[in-house]
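What follows is the residue order along each chain.
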Amino acid sequence: MSSIVPTDLTDTHWQALRELAVEAMTRAYAPYSRFKVGAAALVDDGRLVSGCNVENASYGVTLCAECGLVSELIRTGGGRLVAFACVDAHGRACAPCGRCRQLLNEHAADGMVLAMPSGMMSIDEVLPDRFTAADVERVVGQQS
């Protein structure tokens, strides 16, 4: 089985991601902000994963849709995210927050593409100069 890479993406992939993100959004638990979010991604092995936001009265422990998506990614076997879409309650493209961009980056394939409100962008464009495992290794590896 060959891996899917960002250059393989078609309109059919994006349509499936948008539909899955909208479906996930309908299951969001957002009684406090009433800002429902759904997210969906294509994994390099062809699987689709999704998540929705789950709020909590103490706000600080609210889970973003991207957190649920990454949890689903790991639960179903891991892999690398190739394409990502996130929608609001109206089905419009919604940008992941900075925290979630970092979370997505940890599981992104090289060149992962995100459907942003301003158009398609790579993970490099939405999170330039990001913090990676290499940053940790530079410090931890020098402590020996």
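Residues numbered from 1 in each chain as written. Predicted model: local features only at pLDDT ≥ 70, side-chain atom pairs only at ≥ 80, totals over all residues. Heavy atoms only, no water.

Attention now moves to the UniProt feature "domain: CMP/dCMP-type deaminase" (unreviewed entry) in the chain. UniProt records the feature "domain: CMP/dCMP-type deaminase" (unreviewed entry) for residues 12-134 in the present numbering. A distance of 35 Å separates the end C-alpha atoms of residues 12-134, which is 33% helix and 25% strand. (UniProt positions renumbered as here; feature names shortened; annotations may be inferred. Helix = DSSP H or I, 4+ residues; strand = E, 2+ residues; numbered from the N terminus.)

Next up on the list: a nonpolar patch on the surface. Where nonpolar side chains cluster on the molecular surface, the patch consists of Y29, Y32, V54, Y59 and L63 and spans about 490 Å² of accessible area. Turning to its location among the elements, Y29 is positioned in the loop between α1 (11-25) and β1 (38-43). Taking relative accessible area as the criterion, Y29 reaches 43% and is therefore assigned partly exposed. (Patch = residues over 30% accessible without salt bridge, like charges linked within 9 Å, V, L, I, M, F, W, Y side chains within 5 Å. Areas by Shrake-Rupley, 256 points an atom, 1.4 Å probe, with all protein chains shown as cover. Salt bridge = Lys/Arg side-chain N within 4 Å of Asp/Glu carboxyl O. Buried < 20%, exposed > 50% of the residue type's maximum accessible area, 1.4 Å probe, protein only.)

We now examine the nonpolar core. With 21 residues, the main nonpolar core has V49, L69, L81, F84, L104, M112 and L114 as its most contacted residues. Elements represented by at least two residues in this core include exactly β1, α2 (65-75), β3 (81-87), β4 (108-116) and α4 (123-126). In this structure L104 touches E66, L69, V70, L81, F84, P96, M112 and L114, once residues within four positions along its chain are discounted. In terms of nonpolar packing, the next biggest core, distinct from the first, is built from 15 residues, L17, A83, V113 and A115 among them. (Core = buried A, V, L, I, M, F, W, Y, C linked by side-chain atoms within 4.5 Å. Contact = heavy atoms within 4.5 Å.)

Right, let's get into the UniProt feature "binding site: Zn(2+)" (unreviewed entry) in the chain. Sites flagged by UniProt as "binding site: Zn(2+)" (unreviewed entry) map to C64, C97 and C100. Separation in sequence by 37 residues is not matched in space for these annotated residues, since their most distant C-alpha atoms are only 9.1 Å apart. Along the chain, C64 falls in the loop between β2 (48-52) and α2. Assessed through its relative accessible area of 23%, C64 is described here as partly exposed.

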